[in-house]
Amino acid sequence: MKRFLLVICLAIVPVLDSFGQYRDSGVYEGLYDSETSASLRRHVGELSAASLEGRKAGSQGEKAAAEYVQSCLESYGVDVISPDGGELFGLKTENGDTLTSRNVVGFIRGYDKTLRDDYILIGARLDNLGTMITTIDGKPVERVFYGANGNASGLAMMLELARMIQTNSIMFRRSVLFVAFGASMQTYAGAWYFLNRSFSDAGRIDAMINLDMLGTGYNGFYAYTASNADLNSLIRMQTGELQPVLPELTAEEPYPSDHRAFYSNEIPSVFFTTGRYPQHNTDKDSQGIMDYDMMERELEYIYNFTLALANLNTAPSFRPAGIQDGGADDKTVPYFDCDQRPQFFGNSDPRHFLREWVYQYLKYPQAAVRDGVQGVVMVQFIIEKDGKVTNAKVVKGVDEELDAEALKVVEASPKWKPGKVGGNKVRASLTLPVEFRLEKKGGKPSFGIKK
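Keep in mind that what you see is a predicted model, and the values were worked out from it rather than measured.

Side note on a nonpolar patch on the surface
Right, on to step 1. Taken together, the side chains of Y111, I170 and M171 make up a nonpolar region of the molecular surface, amounting to roughly 310 Å² of accessible area.
Right, on to step 2. Note that M171 resides in the loop between α4 (148-167) and β7 (175-181).
Right, on to step 3. The exposure class assigned to M171 is partly exposed, which follows from its relative accessible area of 36%.

A few points about the nonpolar core
Right, on to step 1. Ranked by internal contacts, the top residues of the largest apolar core, which has 91 residues, are V69, I209, L211, F272, I302, F305 and F381.
Right, on to step 2. Each residue touching F272, except ones within four places of it in the same chain, is listed here: I209, N210, L211, D212, L214, F221, Y222, A223, P247, Y301, I302 and F305.

Observations concerning the packing of helix α2 (residues 35-47) against helix α8 (residues 292-310)
Right, on to step 1. Their axes nearest at 9 Å, the elements α2 and α8 cross at an angle of 110°. The angle between the axes of α2 and α8 places the two elements in the roughly perpendicular class. On α8, the residues touching T36, S37, L40, R41 and V44 of α2 are Y292, D293, M295, E296 and L299.
Right, on to step 2. Taken together, the residues of the contact of α2 with α8 sort by class into five nonpolar, two polar and three charged.

So, the pattern of salt bridges
Right, on to step 1. Using the criterion set out here, one finds 14 salt bridges in the structure.
Right, on to step 2. Note that E356 and R355 form a salt bridge whose closest N and O atoms lie 3.9 Å from each other.
Right, on to step 3. Between R370 and D371 there is a salt bridge; the shortest N-O distance is 3.4 Å.
Right, on to step 4. The exposure class of D371 is exposed, given its relative accessible area of 52%.

Basis of the calculations
- Residues numbered from 1 in each chain as written.
- Predicted model: local features only at pLDDT ≥ 70, side-chain atom pairs only at ≥ 80, totals over all residues.
- Heavy atoms only, no water.
- Patch = residues over 30% accessible without salt bridge, like charges linked within 9 Å, V, L, I, M, F, W, Y side chains within 5 Å.
- Areas by Shrake-Rupley, 256 points an atom, 1.4 Å probe, with all protein chains shown as cover.
- Salt bridge = Lys/Arg side-chain N within 4 Å of Asp/Glu carboxyl O.
- Helix = DSSP H or I, 4+ residues; strand = E, 2+ residues; numbered from the N terminus.
- Buried < 20%, exposed > 50% of the residue type's maximum accessible area, 1.4 Å probe, protein only.
- Core = buried A, V, L, I, M, F, W, Y, C linked by side-chain atoms within 4.5 Å.
- Contact = heavy atoms within 4.5 Å.
- Axes fitted to C-alpha atoms, helices over the stretch in contact; angles between N-to-C directions.
- Parallel < 35°, antiparallel > 145°, perpendicular 65-115°, else oblique.
- Nonpolar A, V, L, I, M, F, W, Y, C, P; charged D, E, K, R; others polar.

Structural measurements only, silent on function.
Here it is as structure tokens:
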């Protein structure tokens, strides 16, 4: 038997070697994936397969994608509250025909009796462009718009978030909804139908998280909130926690997507994306462009953000009140919403201020070192129109001495170059994490950002 197996193996090796020479991608791609990366890869592969023919709204491919999403949610122990194959809805097309699409809805109940009837909704676009017949050398050729990044990536992320949240559901005060929106590319029809026709408790959705195009993290990772101050504040506070990756808050919408339907219903919404990419809306949008390692880091960040959002005592407001010290002309603008952000010594990155000023002059109180006290102090302040730092206060403290030290150094800041909106100088509010850290060996004091 051993001799026979040896002959078979020797016969196969040259075939594999020859085959490997002509592959477009590595033979061993995915071999060293983590379990989570492997799951993301599997989801994207299934949802962007050629057999789904681009998941055009109303097509059999979109239906197959909906069935896959449903089966995954069920396998993760998530309650699916839409009918088998998704909840159907009709949509009139330009030529007068009726297009039938569907939403798939999952549900995880929160543990807090006072908040579990309120919801955080995580949504992702289900459909893509489908197929197109083009003529090449006089012959018709079918092009498939696979939509690996747009938006199999967002669906994959939603499914893995559902798995993680279901596993840790005892930690979530509010309930969480998961919705794969059909006919999203038809003016966000699935999202509109869910909010206005399907879900009777739409008024109890405290916030929406939209996941669209998250597979090209090498281009960046962004969060768009339509300048919602409460959501911006929560995102900035997350920078004070240990995170695998941090999104860049952007005041410019990276891409129109389902969050617009929620914004129209005055529901605070955040759109996580890696932004536009060269293969967008082409037949080159396939698995070869995906960065699964980066997706795993984004997934962990979005999970942490969702947990913080679901556990807020007070839901984010659609029109939160800004910090004000006088009349309308003195209203502050969130730092990241300025057309030209304030600059510290010629740099608009807040980490530059931490690195070049705060951590240069910060002193670790000896009593805190002795007692092993460490943590992140969140300091909020205003950069005035003349560049002065005012109204500094601790919005999340650790210890009386650490809080006082962080506040003292921020208040002593030199003048900044003020921010501008529409060409006019404005008062800009900023919240930053000041980290006090003790090294594991010897308890030596250190701070958050290395030079």
